[in-house]
Amino acid sequence: MHRNLKISVVIPCYNEEAGIQQVIRSLPACVDEVVVVDNNSTDRTSEIARANGAAVVFEKRKGYGAAYKAGLPAATGDITVTMDGDLTYPAEQIEELVGYLVDRDIDFLSTSRFPLKNRKSMNFTNKIGNMVLTLAMFVFYGKHVKDSQSGMWVFRTSILPKLDLTSDGMPFSEEIKIEAIRNKEIRFDEYHINYHERVGEVKLEKWKDGFRNLLFLAKKKFR
Ligand SMILES: Nc1nc2c(ncn2[C@@H]2O[C@H](COP(=O)(O)OP(=O)(O)OP(=O)(O)O)[C@@H](O)[C@H]2O)c(=O)[nH]1
Ligand SMILES: [Mg+2]
């Protein structure tokens with residue numbers, strides 16, 4: 001609990017046995033519930049997550065978005081916080097983020113990794129890819145965010161049914177922001193966070209995922 005609010009953390013995982021234990025153990029005491037989504041992992045992700053007190057949801061459909069579509073509805077807190085299972089997102093800032101959301105009466109707080117504090121946390125091509133996708137989101141949707149691809153969001157769980165979330169893949173990250181921004185009943189803001197180097201194997205297929213994201217942005221706009 002923080003500020004009298006129950007806090008749930010949802011973590012989508014595809015083969016994150018190298019990081020998931022440390023991610024769960026690094027969560028601050030204010031976190032009441034941890035939901036790990038095991039997205040067809042072939043390693044010990046779910047076993048380790050459970051042994052560390054997380055509830056595990058299984059999702060057979062492949063993809064980051066499919067994992068979130070299964071995991072987000074399972075969260076029972078007043079506030080939902082998301083992060084990867086690879087130690088990149090700052091568990092140490094959860095209280096600060098929830099405090100900011102409550103104080104400013106925000107409904108959906110997205111986070112921005114830019115400017116990067118640790119330059120080694122993201123390679124050059126990923127940085128360029130992020131810039132292109134963030135620019136494309138501005139061109140298509142007219143809202144400037146600093147980081148369209150950040151996977152850490154803090155939001156009031158009650159707004160979830162108001163978001164029309166369709167993507168099963170990586171575009172889910174920009175889609176949830178677009179849905180929050182376009183909805184006039186939802187107060188949106190962005191907050192700068194620390195971003196750390198990944199632990200465990202890279203799963204992102206950067207070129208394929210990047211082009212799919214661009215295509216998704218265009219399709220959603222003209223749908
Ligand atoms: N890439 C990928 N990640 C998935 C999938 N299902 C669940 N995930 C999890 O979603 C989170 C984000 O995926 P990452 O591969 O870390 O994507 P990223 O953060 O853009 O890339 P990195 O810079 O390599 O960390 C991780 O915790 C993954 O384990 C999937 O089908 N593909
Ligand atoms: Mg990651």
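See the structure above.
About the thresholds
Residues numbered from 1 in each chain as written. Chains lettered and ligands numbered in written order. Predicted model: local features only at pLDDT ≥ 70, side-chain atom pairs only at ≥ 80, totals over all residues. Helix = DSSP H or I, 4+ residues; strand = E, 2+ residues; numbered from the N terminus. Rg over C-alpha atoms; globule rule 2.2 N^0.38 Å. Buried ≥ 20, exposed ≤ 12 C-beta atoms within 10 Å, placed from the backbone. Axes fitted to C-alpha atoms, helices over the stretch in contact; angles between N-to-C directions. Parallel < 35°, antiparallel > 145°, perpendicular 65-115°, else oblique. Contact = placed C-beta atoms within 7 Å. Nonpolar A, V, L, I, M, F, W, Y, C, P; charged D, E, K, R; others polar. Pairing = 2+ DSSP bridges.

Undergrad: I tried to follow the overall build of the protein on my own but got confused; where do I start?
TA: Helix and strand counts for the protein come out as 7 helices and 7 strands. Overall, the protein shows an N-to-C arrangement of helices and strands of β-α-β-α-β-α-β-α-β-α-β-α-β-α. Taken against the 2.2 N^0.38 rule, which gives 17 Å for 223 residues, the C-alpha radius of gyration of the protein at 16 Å falls within 12% of a compact globule. Expressed as lengths along the three principal axes of its C-alpha atoms, the size of the protein is roughly 45 × 40 × 35 Å. The buried share of the protein, taken over its 223 residues, is 42%.

Undergrad: Help me understand the packing of helix α5 (residues 124-141) against helix α7 (residues 206-222), please; the structure alone is not making it clear to me.
TA: Axis angle and axis distance: for two packed helices, these are the angle between their axes and the distance between the axes, and together they describe the pair. Taken N-terminus to C-terminus, the directions of α5 and α7 make an angle of 5°; their axes are 10 Å apart at the nearest point. When the interaxial angle is binned, α5 and α7 end up roughly parallel. Contact residues: Thr125, Asn126, Gly129, Leu133, Ala136, Met137, Phe140 and Tyr141 in α5; Lys206, Gly210, Asn213, Leu214, Leu217, Ala218 and Lys221 in α7. Grouping the constituent residues of the contact of α5 with α7 by class yields 8 nonpolar, 5 polar and 2 charged.

Undergrad: When you look at the sheet that holds strand β2 (residues 33-38) in this model, what are you seeing that I'm missing?
TA: Where strands meet in a sheet, backbone hydrogen bonds hold them as pairs that are either parallel or antiparallel. Spatial strand order, β3-β2-β1-β4-β6-β5-β7: 7 strands in an open sheet with mixed pairing. In the strand order of this sheet, the two ends are held by β3 (55-58) and β7 (188-192), each with one partner. Pairwise comparison of adjacent strand axes, ignoring direction, gives a mean angle of 20° for this sheet. Relative to strand β4 (residues 79-82), strand β1 (residues 7-13) is paired through 4 bridges, and the arrangement is parallel. Residue Val10 lies in a different strand from β4, and its bridge partner there is Thr82. Packed on one face of the sheet, helix α3 (residues 64-71) meets β1, β2 and β3 and runs near 150° to β1.

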